[in-house]
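Structure at a glance
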Amino acid sequence: MHELALLLKHSNEEVARLTGRAMEEVEQYRLRNNIERNCWDRFDPERAI
């Protein structure tokens, strides 16, 4: 949960530096979180138009 809070306030580079994780790992974590939070796995905004 701590990393999630960091993602909301910091860039990927800053989160990687603060947590010691690889940049690719942080990018994947952010993408996965965005997909879940924005329901992109259930809703495609481009098709809703």
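A quick note: this is a predicted structure, and the numbers were derived from the prediction, not measured. (Residues numbered from 1 in each chain as written. Predicted model: local features only at pLDDT ≥ 70, side-chain atom pairs only at ≥ 80, totals over all residues. Heavy atoms only, no water.)

**Some points on the overall build of the protein chain**
Within the protein chain, the regular secondary structure consists of 3 helices and 0 strands. Sorting the 49 residues of the protein chain into buried and exposed places 18% on the buried side. Looking at the protein chain as shown, the accessible area adds up to about 4,100 Å², and 53% of this sits on carbon and sulfur atoms. (Helix = DSSP H or I, 4+ residues; strand = E, 2+ residues; numbered from the N terminus. Buried < 20%, exposed > 50% of the residue type's maximum accessible area, 1.4 Å probe, protein only. Areas by Shrake-Rupley, 256 points an atom, 1.4 Å probe, with all protein chains shown as cover.)

**Considering the confidence of the model for the protein chain**
Confidence in the prediction for the protein chain averages 86 pLDDT; 88% of positions are at 70 or higher. Confidence, expressed as mean pLDDT per element, reaches its minimum in the protein chain at helix H1 (residues 2-9) with 87 and its maximum at helix H2 (residues 12-19) with 95. (pLDDT = per-residue confidence, 0-100.)

**Some thoughts on helix H3 (residues 23-37)**
Over its 15 residues, H3 runs 21 Å from end to end, which matches the ideal 21 Å to within 8%, given 1.5 Å per residue. The set of residues buried in H3 consists of Val26, Asn33 and Asn34. When H3 is viewed along its axis, its buried side chains cluster within an angular range of 100° and face the same direction. Facing away from the buried surface of H3 by more than 90 degrees, the exposed residues are Glu24 and Glu36. Contacts made by the buried residues of H3 are with H1 and H2. (Expected span 1.5 Å × (residues − 1). Arc of directions from axis to C-beta. Contact = heavy atoms within 4.5 Å.)

**Here we look at the pattern of salt bridges**
Taken as a whole, this structure holds 1 salt bridge when the rule is applied. A salt bridge links Glu25 to Arg21; its shortest N-O distance comes to 2.4 Å. (Salt bridge = Lys/Arg side-chain N within 4 Å of Asp/Glu carboxyl O.)

**A word on the nonpolar core**
In this structure, Leu6, Leu7, Val15, Ala16 and Val26 together form the largest nonpolar core, which totals 5 residues. Counting residues per element, the ones that place at least two in this core are H1 and H2. Aside from chain neighbours lying at most four places away, what touches Leu7 is Asn12, Val15, Val26, Tyr29 and Arg30. (Core = buried A, V, L, I, M, F, W, Y, C linked by side-chain atoms within 4.5 Å.)

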